[in-house]
Structure formats: C-alpha cells, structure tokens
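Architecture and fold: a report
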Amino acid sequence: MAAVASMMPMFGQQISSKNDMVPDWLGQEVSTGTTIMAVEYDGGVVIGADSRTTTGAYIANRVTDKLTPIHDRIFCCRSGSAADTQAIADVVAYQLGFHSIELDEPPLVETAANLFRASCYRYREELTAGILVAGWDRRKGGQVYSVPIGGMMVRQPVSVGGSGSSYIYGFMDSNYKPGMSKEQCLEITATALSLAMERDGSSGGVIRQASISEDGVERRVILGNQLPKFSTH
Amino acid sequence: MEKHYTDSQTKAVSTGTTILAAIFDGGVVIGSDSRASIGGEYVSSKTINKVIQVHDRIFCCMAGVLADAQAVIKAAKFHLSFHSVQMESPPLVIAAASVLKELCYKNKDELQAGFITAGWDEKKGPQVYVVSLGGMLISQPVTIGGSGSTYIYGYVDAKYKSNMTKEECLQFATNALALAMGRDNVSGGVAHLVVITAKGVEHVVVPGDKLPKFHDE
C-alpha cells in the first residue's frame, strides 16, 4: 500500500503517490461501495448483499462476503470502508459474546444494534461505516436496525444501504408490502439487488443472501448468470 | 463563527427535479415534478412548469440550472420554428433534439442544463431523446433525469415494458414520479404529464394529494 507517512490523509480520500509508475488504485482506500438490504418477516429476517469490494477502479475482491455473523442469530451487512466495518464488527462481536455469557442467554438484536451505534457515534469523525444489523431473538422476533454513517440507529421493517441503494428506493417503496412471507422476501431482495448491481458501478458480482429465524441461519448464493434479468434497452 | 450566506447568493436557482419520458404503443408520455429550489433549503416555486412545448407535437423537459435551461429552450424554439417554415413541414423530433444538442455542446463550458425531448412525427412515430450535460444526444425508449431520478432507476428498469397501452404508461409515469418525489427533497409539488400521439396532445396534472401512496405513507 502506498502509505505516505508524512501526509495525514483526510478520511475516505486518496492517499496520493508521487510516483507515476504506481497505479492509482494502490493508493485508494479499500471500500465496500455496495448494495445491502435487510427485510423483516413474521418469524425472522432476510438479508442480502452484492459481493464487490473496490480500491478505486480496481475490484479487489469480486466474491466478498459482506454478511458478517455477530452472534448465532444476529448478522450485520457492511457498507463503506472495508477496514472500518471489519474492525467495528470484530469489536461488537466480542462485546456481544461477552455480554451473552454474562447474561447466560442469547443476546437481543437491539443490544447488538446499540453496540454498533455506540462505536459508530463515538468515533463518527474517524469512521465511514454504514451498517444494517439484522437478526432474530425470542423477545421481538425478526428485527432490522439501520446504523448509517454518523451513528444514528433506527429500526425499520425494510432497509437498504450502500452506494447502490439510491437506485432501488423507488422499487422498494412500490414493491414491499407488510406481511410478506420468507420466500417473497428472498425474491424481492434478489430482484432489488440485481437492479442496483446493474446500475451502480461499485456493486456487482454475486448476490449473497441469508435468512435468520428461530431455527437458525440459511445462506445462499445467486451467481451472475442466474440473476434475474430485466428488459433494459 | 462562520458567516452564513444564503444559497441564493452563491448558488443559482436549480431545478433539482425529476423528469421522465417513455414510449408506449402509439405515442409517448413525458412528465416532471413542479418544484424549483435554491440550494435544497428553500422552495422558490411549488408549481413551476418544466414541460415546455417547443412545437405542436414536440415537448421538452429541462433539468439543471433553471436560467440556463430556459435560455437554451428559448433559442431552440426560435431555431425550430424557423427550420419548420423553411422545410414547409412540421419538424422531426430528432431535429428538435439536435437543436438543443448543438446549443448545449457548443456552449458546454458556460451551461449546466440537460433535456429530455419527446414527441411524435410522421417519419418515425413516437420518439424520446436525451441531451445530457456536455451535449451528448442519444435515443432511448424510456429515460429519466434530474436529481430525483437516481431513486427510480430500479423501479423503471423493473417496470417498463415496450408496447404498453396509454393508460398503463400514464400509470407507470405517475408512479415513478411519485416514488421519486417521495425520496428526493428537491423534487415535489404536482406531477405534470403530457401525452403525445398522432392525434394530438393531452395534458394531465396530478396534484400532490392525488398521487399514489405507498406502503409506509
């Protein structure tokens, strides 16, 4: 990595290299410019993400797993800086694991979301992290909490995030109906992610989905050639 | 303490906006919202008309800096009517689009305006053209523009079908505008829609309270 010690880089911008022989992507921060989403249904949640991680114009990882387990029935979807979100997820997973042992009970999704919020808000000037926390617990069932950049936290039945999310707000507003089943949630997530991946340059690759309920976690992958297609012109 | 300048002193009035046009079986629908804002803080007009008639069966939607867009359209209207008189026939839709393109391309350094041109002519029937910021001109069956358009790319990609009926296309356009206005703070007001066919031109205005509502409203 072209880290120039004398320059303090402003967060999220290029670390410039004076050497023209070095490709510019070596100096760019690794970002999960991305599309992520999470949907609640009666009995659990469905989460999904694309699989592209970029450093500038180079795709550093085209099969990234942005759905990170925090506890047995709690996952987070990461968007923003890859380093920041990985670090925060590690910290929260540790804090939550410890808390769960103290409690002698599986932790609540709201607790996990609050831990994310605490870190994201306290260090808001240094971090670029947009996270969706989703999971199942006995008290409130399936829940989705959004912790965007800046460190606010809000529970929403449906949430989208990442750079590709702008393109699918209209689609989600018109197609989501409360009270959908797990299969319908899986379908709407796959369709929405496909649409976003087609329009957003920083999103692409495969679609990773997971559904979390009392019975456990089911993961699946939809490969590029199996993605839903649209009559684009 | 930083001195706070109102954006009107430092920013031009911009049609932060949502515009779209779509071809259906036998014609074309072109539409927009009706909000003009200054810097995203103040709505300078709630009912501005962004769908301008440049000839009998050719309409344009403007996006970008309002002053630039209005100036370009004014010049284009003149060029187009002169051209139509010389040719002794109604202008082609592509002629209207090309006039806009020439103006935008030749003056690209001074202007910040983009257009969607839609209309019907004898030669090619219903058409939609896009002139983007730097002066590129392309033809598409359906197109969206303005700041609010980012939120409806997914919806338009999923929902647009070629050879829709007029009613289906109107519903599609109204829904798309409503969704964009719901998410973009610089788009809003009423939805202006114009339907252009061989037979003529029909204006449809959908006031804010009659726009389709979605699950969380």
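For the structure, see preceding data.
Notes on the structure in this doc start here. Quick caveat, the model's predicted, so the values are computed rather than measured.

With 17 residues of chain B at the interface, the matching set in chain A holds 18 residues. For the chain B and chain A pair, buried surface summed over both sides reaches about 1600 Å², with 61% attributable to carbon and sulfur atoms. On the chain B side of the contact with chain A, Tyr151, Asp157 and His215 of chain B bury the most area, a combined 37% of that side's loss. Inspection of the chain B/chain A interface yields two salt bridges.

Residues and elements named next belong to chain B. Per the counting criterion, the structure on display carries six aromatic pairs over all chains. A ring pair is formed by Tyr155 and Phe172, whose centres lie 6.1 Å apart and whose planes are at 10°; its orientation type is stacked. Here Tyr155 is found in helix H4 (residues 153–159), whereas its partner Phe172 is found in helix H5 (residues 166–183), with 17 residues between them in sequence. The residues Tyr155 and Phe172 share a single accessibility class, namely buried. Of the aromatic side chains, those joined through ring pairs into one cluster are Tyr155, Tyr160 and Phe172.

Here we come to the packing of helix H1 (residues 82–103) of chain A against helix H2 (residues 109–122) of chain A. All names here are of chain A. For the pair H1 and H2, interaxial distance at closest approach is 10 Å and the crossing angle is 135°. As summarised for this structure, H1 and H2 are arranged oblique, according to the angle between their axes. When the axes of H1 and H2 are compared, the crossing they make is right-handed. Facing H1, whose interface residues are Ile88, Ala89, Val91, Val92, Gln95, Leu96 and His99, H2 presents Thr111, Ala112, Leu115, Phe116, Ser119 and Cys120. Within the contact of H1 with H2, the residues separate by chemical class into nine nonpolar, four polar and no charged.

About the cut-offs
- Throughout this description, residue numbers start from 1 for each chain and increase along the sequence as written.
- Labels follow written order: the first chain is A, the first ligand is 1, and so on.
- Local features in this predicted model are restricted to residues whose pLDDT is 70 or higher, and side-chain atom pairs enter the listing and the counts only when it is 80 or higher, whereas totals over whole chains, interfaces and linings include all residues.
- Side-chain metrics rest on all non-hydrogen atoms present in the structure, leaving aside hydrogens and water.
- Every residue pair with non-hydrogen atoms within 4.5 Å of one another is taken to be in contact.
- Buried area counts how much accessible surface, traced with a 1.4 Å probe, disappears from two parts once they are put together, with both parts' losses summed.
- The working definition used for a salt bridge is a side-chain nitrogen of Lys or Arg within 4 Å of a carboxyl oxygen of Asp or Glu.
- Side-chain rings of Phe, Tyr and Trp (the six-membered ring for Trp) are treated as a pair once their centres are within 6.5 Å; stacked means planes under 30 degrees apart, edge-to-face means over 60, and tilted covers the remaining angles.
- Numbering goes from the N terminus for both helices and strands, where a helix is a DSSP run of H or I of at least four residues and a strand is a run of E of at least two.
- Burial status follows relative accessibility: with a 1.4 Å probe on protein chains alone, a residue under 20% of its type maximum counts as buried, one over 50% as exposed, and anything between as partly exposed.
- Angles shown run from 0 to 180 degrees and are taken between the N-to-C directions of axes, each axis being a line fitted to C-alpha atoms and, for helices, limited to the stretch in contact.
- Here roughly perpendicular refers to angles of 65 to 115 degrees, roughly parallel to angles under 35, roughly antiparallel to angles over 145, and oblique to all remaining angles.
- Each helix crossing is assigned a hand: it is left-handed if the near helix lies turned anticlockwise from the far helix by less than a right angle, otherwise right-handed if that turn is clockwise.
- For this scheme, ten residues count as nonpolar: Ala, Val, Leu, Ile, Met, Phe, Trp, Tyr, Cys and Pro. Four count as charged, namely Asp, Glu, Lys and Arg, and the remainder, Gly too, count as polar.

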